[in-house]
Each structure stands twice: as C-alpha cells, then as structure tokens.
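# Architecture and fold: a report
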Amino acid sequence: MTILKAAIGIIKKGDSVFMCQRSLQKSTYPGFWEYPGGKIEPGETAEEAIKRELYEEVGIGAVDIKHLGYWENDSYSIDAFVVDNYTGEPSIKENQIACKWVLIKDADSYKLPPLTYPVNERLRSVYK
Ligand SMILES: Nc1nc2c([nH]c(=O)n2[C@H]2C[C@H](O)[C@@H](COP(=O)(O)OP(=O)(O)OP(=O)(O)O)O2)c(=O)[nH]1
C-alpha cells in the first residue's frame, strides 16, 4: 500500500546534479542524500508540488521541468522531474546538513533512499 506521494527535483547543470543530505532529525532516512523535494499536498499536482518544494528547499525558481518517471514501493511513491532551466542558484535553505553538485555518474556512491537508485539509473540512460 502506498502511503505517501512525493515529488523530487533533479536540478541539472551539464553532467552534474544537485543533491542534499537529510537532517539527522528526520524519522525517515536520516543522514541519507536526496534530491530536493517532498510530499505532494492535497489538491496539488506533482508539478505544482515540485515547483513549491524547489523554492522552499533550495531557493530556485523552476522555469522548465521534464517528467523523468514515476516509481513506487509499499511505503511511498515518487514523481521525479529534471530541472535544467531555473532562476537563482540552488543553496541550502532549511533542514539539510549539506548540499552539493555531484556528477551523475557518481550519484549512486552516496547513501540514498531505495527508490532513488532506479531514478539515477533512468537519469544515466537518458543523459549519457
Ligand atoms: N526529497 C526526496 N525524497 C525522496 C527521494 N527518494 C525517495 O525515495 N524519497 C522519499 C523519501 C521521503 O520520505 C519522501 C518524501 O520526502 P520528504 O523529505 O518530504 O519526506 P519526509 O517524510 O522527510 O517529510 P517532512 O519531514 O519533510 O515533512 O520521498 C529523494 O531523492 N528526495
């Protein structure tokens, strides 16, 4: 049973993507690395949610978003979007330990929530 719907944003610049480390206070995946994103609120589309989250979490305005795919397991689902056109520069805003640009080919070497691995696999196959 899927219980939580989330949207995540892969901010892409050349061969790199912007990843952040989750707070140690999080009940789910503390200290894991992730793409910025979060829960889709009631009444919101996934596109609306990711634009809101990207502004709240890393301070960018998404200009173009491309749907990369949808994944789910028993606990949650994620809609992943690639964002390669945006205003501002992503930076840490709230609740994260660190953020940095990571080469797409190296993204799996971090500790990631399980559904983020197939997201990265799709990313590598689309942007190789
Ligand atoms: N932000 C984000 N979430 C991800 C990724 N991969 C993945 O499976 N998820 C899942 C795990 C998260 O619990 C869920 C929703 O993100 P979230 O950060 O809002 O979840 P949360 O439970 O920490 O909620 P909150 O404290 O922020 O309110 O999506 C990812 O790369 N980035």
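The protein chain appears in an unreviewed UniProt entry as 8-oxo-dGTP diphosphatase from Boothiomyces macroporosus. Looking at the Cofactor (unreviewed entry) heading of the UniProt record, one finds this comment for the protein chain: "Mg(2+)". Taken from UniProt, the Catalytic activity (unreviewed entry) comment for the protein chain reads in full: "8-oxo-dGTP + H2O = 8-oxo-dGMP + diphosphate + H(+)".

### A word on the site of the ligand
Near the ligand lie 17 residues; those nearest to it are Arg-22, Lys-26, Tyr-35, Lys-39 and Thr-116. Between Arg-22 and the ligand, the recorded distance is 2.7 Å, taken from a side-chain N or O atom to an oxygen atom. Contacts to the ligand include Thr-116, whose side-chain N or O atom sits 2.7 Å from a nitrogen atom. A total of 600 Å² of accessible area belongs to the ligand in isolation, and the protein chains cover 83% of it. Breaking the shell around the ligand down by element, the ones donating at least two residues are strand 1 (4-13), strand 4 (37-39) and strand 6 (76-87). Of the residues in the shell around the ligand, the class split is nine nonpolar, four polar and four charged.

### Let's talk about the packing of aromatic side chains
Summed over all chains, the structure comprises four aromatic pairs. Pairing Trp-33 with Tyr-110 gives two aromatic rings, centres 5.1 Å apart and planes at 55 degrees, and the pair type is tilted. Residue Trp-33 is located in strand 3 (residues 33-34), and its partner Tyr-110 is located in the loop between strand 7 (96-103) and helix 2 (116-126); the two are separated by 77 residues in the primary sequence. In textbook terms, an aromatic cluster arises when at least three aromatic residues are bridged by ring pairs, as seen for Tyr-29, Phe-32 and Tyr-76. Taking NZ or CZ as reference, Lys-93 lies 5.1 Å from the ring centre of Tyr-55, over its face.

Quick notes on the rules
Residues numbered from 1 in each chain as written. Predicted model: local features only at pLDDT ≥ 70, side-chain atom pairs only at ≥ 80, totals over all residues. Heavy atoms only, no water. UniProt positions renumbered as here; feature names shortened; annotations may be inferred. Near = heavy atom within 4 Å. Polar contact = N/O pair within 3.5 Å; in protein donor to acceptor, adjacent residues only side chain to side chain. Areas by Shrake-Rupley, 256 points an atom, 1.4 Å probe, with all protein chains shown as cover. Helix = DSSP H or I, 4+ residues; strand = E, 2+ residues; numbered from the N terminus. Nonpolar A, V, L, I, M, F, W, Y, C, P; charged D, E, K, R; others polar. Phe/Tyr/Trp six-rings, centres within 6.5 Å; stacked < 30°, edge-to-face > 60°. Lys NZ or Arg CZ within 6 Å of the ring centre and 35° of its normal.

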